[in-house]
Amino acid sequence: MVEGAIKLKSIASVTANTITATNILTFKEDFVMNMTPQFMPNTYQGLGMLEKSKWRQVTFTLDSDSDVFDASYSVVAANSALGTSFIATFVVADAAGTVETWTYTHGDSYVQRKEFGRIEDGARRNTTEYTIYMFGVKAIT
Amino acid sequence: MVELKYDKVTNIEIGYTAAEHVTITNVLYFAERVVSVDGDMVDELSMINDYVPGGLHQNHKYLELEMALDTDWLTDTTDPATRWAYTQPVNAAGTKFAIDEDGANTAIEWFLVTVREYDGTATTLEYAAVDTNVLWCTGETSEFTNEDGARHQPVTFKFICLQDVVRG
């Protein structure tokens, strides 16, 4: 077993609800860990760590938009979890272009934000940004 | 007087002993700052209607560390699932990892940063050297872009350290 780096050169696609979008401009996954150092009065050094809930926020910017999340958000009803899948696919920076997939727990994934999708005359990119809230585990293959 | 001029990060060792750790070399950057719970490390203490502070209030404080990699580091290069934070043991028993997706994170007992100085000298920044209950991983952010010209796809880890760094 040899340790080492892996370099991903691009994001190939995002799949949700069995629909795949490839027009991904950026991808960001933030594993938010609610952790706070603990202190006693009249001490300078912390004593330990208070740990609470954890979740992931996954943000995609699309150029320009896609219907991958259409079934998972609504302004007249509660948002439902992503139905059948939630997968991000990347391309490894090797000669073969190996694919790597991050599979999220789709049943614990919800559309949290959809930011302004701005369409502007002459703009090089007309982007739309989605943020998915996810708790549970992520599998990498 | 000692002047330090850093060139780059050579490697970062994370694990639980000098013999049991990963040596991460694909470091984009490493950063350290002091965080004070109440804002600044010291605040003035003034009496009402007095102009000259009568003293100082000393606040709680800790170190916040950031490590950005390009992209992530594996403990087994043949298996993309072996992200270091999820597979490299960090406690003395060799049973716990820096990030637990479904539980509390375990303190990292070995955390050394080796930097190269301008003249080639290697300087080690020692945050934990077989120390328990002082350093934890507190965040992980992966960022990828397909924008033209992007060279790095960073994965950034945050840590909190409850003791001073030893420079050697």
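None of these values were measured; they are calculated from a predicted model.

With that settled, the discussion passes to the overall build of chain B. Secondary structure assignment for chain B yields one helix and 12 strands. The linear arrangement of helices and strands in chain B, starting from the amino end, is β-β-β-β-β-β-β-α-β-β-β-β-β. Its C-alpha atoms give chain B principal-axis dimensions of roughly 70 × 40 × 35 Å. Looking at the 168 residues of chain B, the share that counts as buried comes to 33%. For chain B, contacts bridging at least 24 residues in sequence account for 54% of all contacts bridging at least 6.

Our focus in this paragraph is the pairing of strand β8 (residues 110-117) of chain B. Residues and elements named next belong to chain B. Both strand β1 (residues 6-15) and β8 contribute to a ladder of eight bridges, which runs antiparallel. Bridge assignment links K8 to a residue of β8, and that residue is R116. Both β8 and strand β9 (residues 122-129) contribute to a ladder of seven bridges, which runs antiparallel. Looking at the pairing, W110 lines up with A129 of β9. Counted along the chain from β8 to the antiparallel partner β9, the turn is four residues long, and its residue G120 has a positive phi close to 90°.

Let's shift gears to the interface of chain B and chain A. The partner chain A presents 35 residues to the 37 residues of chain B that form the contact. Mapped onto the side of chain B that touches chain A, the elements with two or more residues apiece are β6 (61-70), β7 (72-74) and β10 (135-145) of chain B. Top element by residues in the side of chain B that touches chain A is β10 of chain B. It accounts for nine residues. Residue composition of the side of chain B that touches chain A, grouped by class: 12 nonpolar, 16 polar and nine charged. Here strand β4 (residues 24-38) of chain A runs beside β10 of chain B; their pairing, made up of seven bridges, is antiparallel. Of the residues in β10 of chain B, the one forming a bridge with E29 of chain A is S142 of chain B.

Quick notes on the rules
- Residues numbered from 1 in each chain as written.
- Chains lettered and ligands numbered in written order.
- Predicted model: local features only at pLDDT ≥ 70, side-chain atom pairs only at ≥ 80, totals over all residues.
- Helix = DSSP H or I, 4+ residues; strand = E, 2+ residues; numbered from the N terminus.
- Buried ≥ 20, exposed ≤ 12 C-beta atoms within 10 Å, placed from the backbone.
- Contact = placed C-beta atoms within 7 Å.
- Pairing = 2+ DSSP bridges.
- Nonpolar A, V, L, I, M, F, W, Y, C, P; charged D, E, K, R; others polar.

Such coordinate-based values are descriptive only and should not be taken to indicate function.
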